[in-house]
Structure formats: C-alpha cells, structure tokens
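Below are the chains, spelled out letter by letter.
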Amino acid sequence: MREIQSHIDATWAKLKDFQKATVNYTIEQFFDHDRDKMLIADEVGLGKTIVSRGIVAKMYEEHHKKHPKKPFNVIYICSNQAIAKQNIDKLNFLQGDAALNIVDYSTNDDRITALAYQPREINREFNIRIKAFTPGTSFDQNTSSGRSDERVLLLRLLYEYTELNNFQSQLSWLFKNNRRMRDDNWSNMVMDAIMFDTDPNYTPEHYWVVRPIRPEIRNAFRRKLNLKAKKNVVPHCYSHLKIEQEVSWVELLTKLCEAGIGKHDYWNRYELKELLKALRVILSESCSKYLQADLFILDEFQRYSKLLKTEIQDNPGIELARQVLNKEDSKVLLLSATPFKPYTNDFDELHGESHYSEFKQLLKFLLQDKCQEFWKYYENDRKVFFNALRRSKD
C-alpha cells in the first residue's frame, strides 16, 4: 500500500487548489452522500481530465482499503478515437513501470462487442484497468453494420454451428457486407481468424490483431440465437423469405443462406444489412455483463445526450447503455466545457435544439432518485424565479 500511496500523493501534489477542491467535493458526494452521478462543468483549459485523474486516484484509494484484492475498473467514454487516444493515458495516475498494463485500449477495442475477447493481462500488482469506448459506434447500433473486425468476430461465433456447416461461403459474403475491402483481403482475414480458432499452433499472416474469444460469450450468444427472431426487428428478412411464422435466429440465418447469398449481390441487399445490425445488438447484449466499472467517465457528454435519457429507448444499443450507466454499484462522472444557453431561439428550434429540455434531461439523469413531487416543486420554483427576473426588467 505504501508504494501505491506514493503515486496517489504525487498525483495530488500536481493539482491546483481549485482542482483539489473539486476532487474532494466529488469524492465526498460519492461516498459520504451516496451520490451515484456527478457533473464537472469547467471551461476549456481548467483541467477536467486532470481533475478526473485525481478522482480516479482517490476512488482507487478508497476501493483498495476495502477490497485490496478486487480489481478497480474505469471506463472512459468519449466521442471519438482521437480524443480517447489523447486523454486515456492522462487518467492513469501511476507513473513509470507501475503504469504498464493499466490502460487497456486500442482502436480495434473501442466497442462493446470487443468485450467478447479474452481480456488483456491486467497489472496484477495494483489491480486497476482503464478502458475507453466511443458511444457513436458502441451504443448506436441502428447506424451501421459494424467494422470489419466486428463482422469477422460474428462469423467466428457462427462458424462451428452444425446447422450452418454447408454455408461457409454464404456466411463469408454476408459478413463482408460491403465492397470497401478487396475480396482477397477479406478472405485472408477470415481464414486467419478461423485458423486461429481451430489450430492452436497457427500464426496469423494477415489478421494479426485476432484475439481469443471468451468461451462464456460463445455460449451466451448461442442461447440468444436459439430464441425467436422478432418480425418487427428484421421485417425485411421475413419479407424476403416469404415466411409468416417467427423462427429462431439460427433458422433465419440458415434459410437466408439456403435462398442464396453470393458475390454478385451481398453488398446491396437491405435485409442482410438489417440482419447484421440485429446480430450486433445480440452480441452487445451478450457482452453487457462484462461492461462493468467502478467509475464511468463521460467526456463532453452533451455530444451523446441519448445515453442520458431516463426513459426506455427504442434503439436497443442506447437502451443497453442506459441500463449500464444506471447500475447501482457504479459511479458516473460527467464532464463538459459546453454551457447550456440561457434560452432557445427560433433558429435553435428550427434545428431541433431545445436547451431547457436538454438541461432538464441532464438534471433527471443526475437526480434519478427524486420523486415526482420533487419535480413538481422544481417546476413551480423555476417559473416563480423566471417571472421574478422578467418583472425586474420592468
């Protein structure tokens, strides 16, 4: 404990007085007042990331006292990979050799579905891991059929299904999805991944970032694929196959392969893209139990306000994120340098902005334990306050 304390003290010594005050207040709210969510809204340049590192250090100190052998996990959520690369190392309060194997991040590892892989080795001495995710690709599953490595992962999970043994070519075209990658490059990537899974002595020649899959994920994914594929989730698949009764996901895949998926049309068939999106959601749900952290940090949270909604969402990826961020045993730290505007003008409304609505949504996320009576009084007090402001101008 003495060595880790020296790293915590060194981090603390580098903070300015106002930053220390912010860290102390946040820790007090988290642990003395049982608050699960806090917002730090400072202007650009005042060191929100540095303050966050101080909070990570102090939270780790509290955690280590109570659970010295239990890992301490931090998940940093930001808008894109460039910001993740820039900031994630700054959250690591350990220095020198002690800082090794703390940050677990790569550009191929910023999605929830990457949790299907066996985790990288953690720093066993200090038992802390810091990961990063980008919500645009991780949570908004309605917008994309996934990256190539994600589609290879899905193919790997399906490869050993006996029902699909005769359809390896069809599955390969299905998961290729688009023509941005050359056919031979895709084939080499798939071959490396499959050989990696089937031959323990095989060394990948093309897909060098391939990693082993958690056995529990294979089982969880299979169980979900044995369930019925809802017609309202993949309506174009059912329409294409001209079947009325709902079937399992595996049976739906089998029937699509039997109907034919080939080089000439795999890239422009809407029902195949629809299916890919659905399979990404299923895989994300299978991985969700591993999306656990003692502290979630949402940087510039207003860029992905959908994650803060307290109501159940139609978008399954956003709904998954909503559930994760509301786990009872996790703390959530929101960061923002973007202040809310004092009013919404006609131009803002024309472009779908409503600053007060966004502000109230944030309040409801931060204060989810408050009852309806609280919000009733809040709204009444708000109106009284603004009426007083208007009268003062007269």
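Starting afresh in each chain, residues are numbered from 1 along the sequence in its written order. Given that this is a predicted model, residues contribute local features only at a pLDDT of at least 70 and side-chain atom pairs are listed and counted only at 80 or more, while totals for whole chains, interfaces and linings are drawn from all residues. Only hydrogens and water are removed before side-chain values are computed, so all heavy atoms of the structure are retained for them.

**Student:** What should I look at first to understand the overall build of the protein in this one?
**Tutor:** Secondary structure elements follow DSSP: runs of H or I no shorter than four residues count as helices, runs of E no shorter than two count as strands, and numbering proceeds from the N terminus. Within the protein, the regular secondary structure consists of 16 helices and five strands. Relative to its full complement of 394 residues, the protein shows a buried share of 48%. Note on contacts: a residue pair qualifies if any of its non-hydrogen atoms lie within 4.5 Å across the two residues. Considering only residue pairs separated by 6 or more positions, the protein has 71% of its internal contacts joining residues 24 or more positions apart. All accessible-area figures derive from a Shrake-Rupley calculation using a 1.4 Å probe, and residue coverage is judged against the displayed protein chains alone. Carbon and sulfur atoms make up 50% of the accessible area of the protein, which totals about 20500 Å². Three labels apply to residues, based on accessible area from a 1.4 Å probe with only protein chains included: buried if under 20% of the type maximum, exposed if over 50%, partly exposed otherwise in between.

**Student:** I'm lost on the layout of surface pockets in this one. Help?
**Tutor:** Rolled over the atoms, a probe with the dimensions of a water molecule shows which regions are left empty. Here a cavity denotes grid points, spaced 1 Å and computed from the protein atoms alone, that fit a 1.4 Å probe unable to get out, and a pocket denotes an open set having protein on both sides within 12 Å along at least 5 of 7 lines; residues with an atom within 4 Å of a point are the lining. Grid points are joined across faces, edges and corners, and a volume is the space filled by probe spheres set on the points. Counted as a void, the largest pocket has a volume near 880 Å³. Along the walls of the largest pocket sit 40 residues, with P71, N73, Q292, A293 and D294 positioned nearest its centre. Breaking the lining of the largest pocket down by element, the ones donating at least two residues are α3 (48-66), β2 (72-77) and β3 (128-133). Only Asp, Glu, Lys and Arg are considered charged in this grouping, and only Ala, Val, Leu, Ile, Met, Phe, Trp, Tyr, Cys and Pro are considered nonpolar; every other residue, Gly among them, is considered polar. Taken together, the residues of the lining of the largest pocket break down into 15 nonpolar, six polar and 19 charged.

**Student:** What's the story with unusual backbone geometry in this structure? I'm lost.
**Tutor:** Apart from glycine, the bulk of residues carry a negative phi angle, and the bulk of peptide bonds sit in the trans form. The backbone of N177 sits at a positive phi, close to 75 degrees, despite the residue not being glycine. Relative to the assigned elements, N177 resides in the loop between α7 (168-176) and α8 (183-198). Its relative accessible area of 6% is what places N177 among the buried residues. One non-glycine residue, K242, lies in positive phi territory at about 55 degrees. Of note, K242 is situated in the loop between α10 (235-241) and α11 (249-259). Given the relative accessible area of 72%, K242 is considered exposed.

**Student:** What's the story with the pattern of salt bridges in this structure? I'm lost.
**Tutor:** One side chain can pair with another of opposite charge once the charged atoms of both are near each other. Each salt bridge in this description consists of a side-chain nitrogen of Lys or Arg and a carboxyl oxygen of Asp or Glu lying within 4 Å of one another. This model, assessed by the stated rule, comprises 20 salt bridges. Residue E61 pairs with K58 through a salt bridge whose shortest N-O separation is 3.6 Å. Of this pair, E61 and K58 both sit in helix α3, three residues apart, which is roughly one turn of that helix. Summarising the burial analysis for this pair, E61 and K58 share the class buried. Ionic pairing is found between E251 and K255, a salt bridge with its closest N-O pair at 4.0 Å. With E251 and K255 both in helix α11 and four residues apart, this pair spans about one turn of that helix. Linked by salt bridges that have partners in common, D104, R120, R129 and K131 make up one network.

**Student:** Would you mind showing me how to read the packing of aromatic side chains here?
**Tutor:** Describing an aromatic ring pair means giving the distance of the ring centres and the angle of the ring planes. Geometry of aromatic contacts follows a simple scheme: Phe, Tyr and Trp rings, the Trp one being its six-membered ring, pair when their centres are within 6.5 Å, and the pair is stacked under 30 degrees between planes, edge-to-face over 60, tilted otherwise. Throughout the structure, instances matching the rule amount to six aromatic pairs. With centroids separated by 5.1 Å and ring planes inclined at 35 degrees, the aromatic side chains of W173 and Y266 adopt a geometry described as tilted. Separated by 93 residues along the polypeptide, W173 in helix α7 and Y266 in the loop between α11 and α12 (270-287) bring together distant segments of the chain. For the pair shown, W173 and Y266 are each scored as buried. With a centroid separation of 5.5 Å and 80 degrees between ring planes, the pair formed by F385 and F386 is classed as edge-to-face. Residue classification places F385 among the partly exposed residues on the basis of a relative accessible area of 49%. Exposure remark for F386: the relative accessible area of 32% places this residue in the partly exposed category.

**Student:** For this particular structure, what's the right way to read the side chain of T11?
**Tutor:** Of note, T11 is situated in helix α1 (residues 2-13). According to the relative accessible area criterion, T11 is buried, its value standing at 6%. Not counting chain neighbours up to four residues away, the residues in contact with T11 comprise R53, G54, A57 and F93.

**Student:** Help me out: how do you make sense of the pairing of β3 in this one?
**Tutor:** Within a regular beta strand, the side chains point alternately toward one face of the sheet and then the other, so they alternate between its two faces. Among the six residues of β3, six are classified as buried, and the element is accordingly described as predominantly covered. Taking every second residue as pointing to the same face, both faces of β3 are buried, with I128, I130 and A132 on one and R129, K131 and F133 on the other. In terms of strand pairing, β2 meets β3 through six bridges, oriented parallel. When the bridges of β3 are listed, N73 appears paired with R129. Regarding the hand of the β-α-β motif, the stretch spanning β2, helix α4 (residues 81-87) and β3 is right-handed. In this analysis, strands are considered paired if DSSP registers two or more bridges between them. Look down the strands so they point away from you; if the path from the first strand over the helix to the second goes clockwise, the crossover is right-handed.

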